[in-house]
Amino acid sequence: MEHLHGWFVAAAYAIALVILVADAFLPRIKFQSLLRGILLRERRASASKNESP
C-alpha cells in the first residue's frame, strides 16, 4: 500500500483544486443568469407597457 500514498495525496490535491475552482466560478455563473432573468423580465414589462396605451 505504500506505493499508492502518492496517488492518494495527488487525488486529495486535485479534489481540493476542483472544489476551489467550482466555488470561484459557480456563483458568478448563477449571478449572471439571475441578472439575465431580471433584464428579460424588465424588457417584457416595458414592452407590455408600450403596447397597452
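Scroll up to find the structure.
The present account deals with the structure reproduced in this document. Since this is a predicted model, take the numbers as computed values, not measurements.

1. So, the overall build of the protein
Reasoning step 1: Within the protein one finds 1 helix and 0 strands.
Reasoning step 2: Each principal axis of the C-alpha distribution contributes one length, and for the protein these read about 80 × 15 × 5 Å.
Reasoning step 3: For the protein, the residues scored as buried account for 0% of the 53 residues in total.
Reasoning step 4: In the structure as shown, the protein presents an accessible area of about 5200 Å², 69% of it carried by carbon and sulfur atoms.
Reasoning step 5: Across the protein, the centroid of the 7 positively charged side chains sits 12 Å from that of the 4 negatively charged ones.

2. So, a nonpolar patch on the surface
Reasoning step 1: Together, Leu17, Val21, Phe25, Leu26 and Ile29 line one region of the surface with nonpolar side chains, adding up to about 480 Å² of accessible area.
Reasoning step 2: Inspection of the secondary structure assignment puts Leu17 in helix H1 (residues 5-51).

3. Quick word on the environment of Gly37
Reasoning step 1: In this fold, Gly37 is placed in helix H1.
Reasoning step 2: For Gly37, a relative accessible area of 28% gives the class partly exposed.
Reasoning step 3: Measuring from C-alpha to C-alpha, the distance between Gly37 and Lys49 comes to 18 Å, with 12 residues separating the pair along the chain.

4. Quick look at the environment of His5
Reasoning step 1: Examined against the element boundaries, His5 turns out to sit in helix H1.
Reasoning step 2: Between the C-alpha atom of His5 and that of Val18, which follows or precedes it by 13 residues, the distance is 20 Å.

Conventions and cut-offs
- Residues numbered from 1 in each chain as written.
- Predicted model: local features only at pLDDT ≥ 70, side-chain atom pairs only at ≥ 80, totals over all residues.
- Heavy atoms only, no water.
- Helix = DSSP H or I, 4+ residues; strand = E, 2+ residues; numbered from the N terminus.
- Buried < 20%, exposed > 50% of the residue type's maximum accessible area, 1.4 Å probe, protein only.
- Areas by Shrake-Rupley, 256 points an atom, 1.4 Å probe, with all protein chains shown as cover.
- Lys, Arg positive; Asp, Glu negative; His and termini not counted.
- Charge placed at Lys NZ, Arg CZ, Asp CG, Glu CD.
- Patch = residues over 30% accessible without salt bridge, like charges linked within 9 Å, V, L, I, M, F, W, Y side chains within 5 Å.
- Salt bridge = Lys/Arg side-chain N within 4 Å of Asp/Glu carboxyl O.

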